[in-house]
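# Architecture and fold: a report
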Amino acid sequence: MGDIGPGGPQDQQPSELGRAPSCRLPSLGPKEAPLPMVAAPSDGFHRPHWRSSLLSPTEEEEQEELDVGHPGRAITVKPLSDRPPWEKALMDRVGVMSATEKSLLLEAICHHIQEHDQGSLGAVGPHRSLAPSSRCTARSRWPGMRVWRASVKVVELLEEVSDACVQELLVSLNLDLKQPLEKTLLFYIYGLVLRECPSVELVKKHLAGLLELSQQSSSQQEDIALAIGIMSSAHMEVVWSMLEHLGRTRSLTSSFTSPDSQQPDPNTHWKWVGSMSLLCYGQMATHAGERVLPWVDNLVSRMVYYYSCSSDDNTLKRSFLSATIMLMRALRWENSTQSYKFTQIPELIHCLLGILQKEPNFLATLFRQKIILVIVGLSLRPSLKPMVKSRILQTCLESLYKLPPTEMLKNCLPPKESVPDVMVLYQKSMQALDLLLQTFISENKTMDEVCFLLQHTEPWLKSDKSYERKRVVQSIFLLLKYVLDCVVLTEEAMPSVLGHQIGLLMLLCRDKDEVTWTHSRQCVCLLLQLLIQQKGHMEECMHLHEMKTFEARACRESEVFYHLVKALDKNLSVAQHTQLVLTLLHGLCSHSLPQCDLALQLLLMVSEDHSIKQEQVAEVLQGLFQELPGILFNNILQTMMKVVAVLGAQHTQETVEVMLSLCHPSERQVTPLWKALATNDLLARKVVTLLYLKLKQRPPKELLRFSEQVQLTSLLALDTIYELLYMREYKATVHWAFAGILLGLLTQLHYLFELGMVDGITDYQEDVLEMTPLSPCRTCLEALKGLFWTTNHWEVFADLKLLQAWELFEHLATYTEGVTLLAKTMAQYDCEIKAVFGQSVILLTGSEARDNIVAIVVITEHVSRKSVDNFLSLGLNNPNQLVRAMSLQGLRSVLMHPKKVDLLQSRLARVLDSFLRPEPQNLLGLMEVVGDILHHLGLHGVGAVSLKIAQHLRKLFDDEREDVRGGAIFLYGNVIYSGGKKHQQMLRKHAFWSLVPLLFHLADSCPAVVRKTKSTFLRCAILLKWQFRKELFSKLAWGHGQSAENDIFVYMVGSVVSQQSAQASQLGHVESNFASYHKFLMQALVYLSSPHRHLKMTAMKFIGGILQDYYSNLCFSLKTGDVKILRKQFEVLKQEQDSICRKFYQNHLDNVIELFQNVAH
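Just so you know, these numbers come straight off a predicted model, no measurement behind them.

With that settled, consider the overall build of the protein. In terms of regular secondary structure, the protein is built from 56 helices and zero strands. Counting only residues that meet the buried cut, the protein has 56% of its 1161 residues in that class. Restricting to contacts in the protein with at least 6 residues of sequence separation, those with at least 24 account for 77%. Summing over all exposed atoms, the protein offers an accessible surface of approximately 50600 Å²; the carbon and sulfur share of this is 52%.

This brings us to the environment of alanine 885. Counting through the fold element by element, alanine 885 comes out in helix α42 (residues 881-891). Once the C-alpha coordinates of alanine 885 and isoleucine 856 are considered, the two residues, 29 residues apart in sequence, prove to be 9.5 Å apart.

Bringing the confidence of the model for the protein into the picture now. Per-residue confidence for the protein averages 78 on the pLDDT scale, and 76% of its residues sit at or above 70. In the model, residues 120-163 has pLDDT below 50 throughout and makes 128 contacts with residues more than four positions away in sequence or in other chains. Under a pLDDT of 50 for its full length, residues 176-180 has, in the predicted model, 17 contacts with residues more than four places off or in other chains.

With that settled, the discussion passes to the packing of aromatic side chains. The description of two aromatic rings rests on the distance between their centres and on the angle between their planes. Applying the stated criterion across every chain yields a total of 28 aromatic pairs. Each ring, one from tyrosine 305 and one from tyrosine 306, has its centre 5.7 Å from the other, and the planes form 65 degrees; the classification is edge-to-face. Residue classification places tyrosine 305 among the buried residues on the basis of a relative accessible area of 1%. Taking the ring centre of phenylalanine 440 as reference, the NZ or CZ of lysine 389 above it sits at 5.1 Å.

In the contact formed by helix α37 (residues 794-802) and helix α50 (residues 1029-1038), the axes pass within 10 Å of each other and the chain directions differ by 20 degrees. One element, α37, and the other, α50, form an angle in the roughly parallel class. Taken as a pair, α37 and α50 cross one another with a handedness that is left-handed. Residue-level contacts link Trp794, Phe797, Ala798, Lys801 and Leu802 of α37 to Arg1029, Lys1030, Phe1033, Leu1036, Ala1037 and Trp1038 of α50. Residues that form the contact of α37 with α50 fall into these classes: eight nonpolar, no polar and three charged.

Here is what the cut-offs are and how they apply
Residues numbered from 1 in each chain as written. Predicted model: local features only at pLDDT ≥ 70, side-chain atom pairs only at ≥ 80, totals over all residues. Heavy atoms only, no water. Helix = DSSP H or I, 4+ residues; strand = E, 2+ residues; numbered from the N terminus. Buried < 20%, exposed > 50% of the residue type's maximum accessible area, 1.4 Å probe, protein only. Contact = heavy atoms within 4.5 Å. Areas by Shrake-Rupley, 256 points an atom, 1.4 Å probe, with all protein chains shown as cover. pLDDT = per-residue confidence, 0-100. Phe/Tyr/Trp six-rings, centres within 6.5 Å; stacked < 30°, edge-to-face > 60°. Lys NZ or Arg CZ within 6 Å of the ring centre and 35° of its normal. Axes fitted to C-alpha atoms, helices over the stretch in contact; angles between N-to-C directions. Parallel < 35°, antiparallel > 145°, perpendicular 65-115°, else oblique. Left-handed = near helix turned anticlockwise from the far one by under 90°. Nonpolar A, V, L, I, M, F, W, Y, C, P; charged D, E, K, R; others polar.

The following block contains the structure:
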């Protein structure tokens, strides 16, 4: 701010000084010579902290209430009746005096004041507490008035006042001189005379004397400020300049000293300057009338400055509040206040809030009430900015709501001589808060303002303390009642946050405190009534009244809530209703089980009532997803999934789309939501169908840069389908949609190859558990595998796994071969042939090449009807060469040409004759021909020839050539399935006799042979319908070492024995229970003389296990000839050079001899 001369304040407003870290006052006026100063008081600036900021309730003067009027009703006329009746006469008398007479009169009054002070208090008196009470505030209207109201008369004036001039003046005013004269009256007269004095120099002289006198006796600061304030009404510039000079003065003629030191104490001087200046500024505002308005910002900036420099000083704090009260009243009295814009009022309020924040957490005075009422008075004109109002609301609410419970308020008081009525103090403080809220809404009569005020109550509505919730709900109730009864909202507004606030109130409708839950329901009804009034729907008002009556009749709580939900749905906007639902969702995370139950009950009502619109689904599901981790009670979480199910049933497509966008489908947090959509079979089918359709949203590669979101949707659908495969809730639905999902995954994999998204598909390791998501291609392939595994078609997955055929799907070059092998295996195990065939026909009619390729491969392998030639003919015109070739191949099938069956069977007979030759040539070629014929014959089979082929292939299992024995073992697995139902039993018996050779070849030295043996061994187990087929596959696919070998042995022996035992029990043949061990042992003995070391070692392990674990069973099942063969084969090992063979002989020789003796004798 620039300097302010005698002409008054400049147009430029003062800069912010309220938070200045330094106590140095900037220059605000012309520099003047330092004023003479005398000794200052040595006491009076130090008091206990708790007492310093409180008003003593025992003093009569502090019980006076502040009157700030009612919101919207401004005080526009200054109450002139408060002035003493003799003031006009005095002014008339002074007005006719000459300058010399006025000067003499002033000197006489000044002399008397000094004598009075020295005679009663001494040179340095104790510093009287300057409590911000009605003592100062009443004198702001006229400080001497309390003297006259109390009938305190003036007596013995002649003895007290020796100056004849003053005597004459007082006598002329017809005062009753019967009581001692109070100094306040003299200071009041002093100020009046100075106000009428035209001499600036004389005014400056006496003003300096008054300021000097204030240092001698701090108890007279209020009276001195009164005189200065009165004279400022005519000498504003002079007083301002002198106070500015006082603030800049740092060196004193006689310095202050602290009680503990003889050194000068500048800090004490500064506190005195601040306290004195603050009281003067308040009195200046009180007596200046309209002239104060241009000075308001200057006055406020100085008040803020002095307070901020020593905000922890108790006396300064009281002086600041006294000055603020006087300024507030002065502004309210003046009519023209509205034409001014006061920029420093927010800073003044900031200081008041700072005082309020430092109040101790108990009630001993009306201090809180007075501060809030002063803020109310300051906020009327001009209107405060939202940021300032927000700070006011936060501070005032915290100051009152955090007080101890009402029943404990009295116990929290510190020890005092007199105990105030804390309930009266509490009620008046809360009334001041209610008035503050009503004042704000009266300034801005809109629904937005109502929501603005309610927003600041949110922390207290969520409080864990019952008494805090009770207080805030009562405040809201009174505010809303006031708005309905006394305020007409100026414009129709639909703030969305209102829904959130209604939700918070509804969550308290089951509070443990009856007052709280009663008021919360009433608040919701009042807010509804406000909305209805804004819309002008009188019928709704009647309905709301009926609902209140309905509630008053003590009806069931659920019925009340039902009608309330209906009313909210009808009157809230979509945005408001969304916020309401989101708030209820957040209520599910409460630590209070009753509140969680209430939130859940309301959400169920909202969802079942179809209240959630299509455009709300996204926000509601996103809100629920965010709240899921915070739900503490499992029963609440489980029941909440019903809401998701209802929402999904009403808006299935929107629900699926939103859930795809929430997070990666592999994250566990989203799993409960997907499971919730499977509680209803029809809904689950809709969900899977939508995912399938989204999986097919595949834009061409060249358009991906324009359609990245579509592509992302396709990948998310893929990831989601992969996750749903392993959810028990979707098992039946996935089985229902098997064909569509299968073809969708096959075509999706081809599409990803087209896009080049092949990263991570070949370096996948099944035995490594990683939390990182799979790549798109790998996800698609793993989903394809999982589809067969989870739908109980695990044989197809296992067959391709053991043959390492799934690896064909990892490259585009071998992709078609993989699809062909998959289709063949599905046909072999009769895996959803009809459904897959029907979906393939639909794909073949499509325009995408990838769809046509997958469809024609499947159709060609699954040809089972003559009518299919129409679709195959359609493929001949396809632009894709592979589709045309596969269509032509399908048209040449035996189904299209039945005569080919006889030709192929006769061809097979000739090939079989080639096997019977002593040294057949090109065994690999012969086996390849047999495999092709079996494939082409398909379901027609080869009849009895299949058993002969199996017998010839069995002889080749131990061929020295790896490729021959591997080819024979693999072809054997196909032959045992080619005999048809008529010859199936014979093939099963033959497969049983082949188990031991196949088991031993699992340890073959050639990895390729081992791989093919695993496939054929599993096919035999499936054909024989073993009990532990799935467990056997797991060991064949992923087992390693001795443990896996033992488990496979146990599965084989256990399954065969249990199966034969079941058959024997049906036939009544008990002795059959022991036949299998004998057969297994006799088959294994042959391999003790095998030239292949791996087979010999495996045979020894197997025989050793049989002898040890099933010795007693062998005693019943072996015959004499069998044990002779056993002993003969066993003796051969004695001559072996291999130490392992000799050790095996030594370990089991006793068992063999004992077995021989038991059976032979």
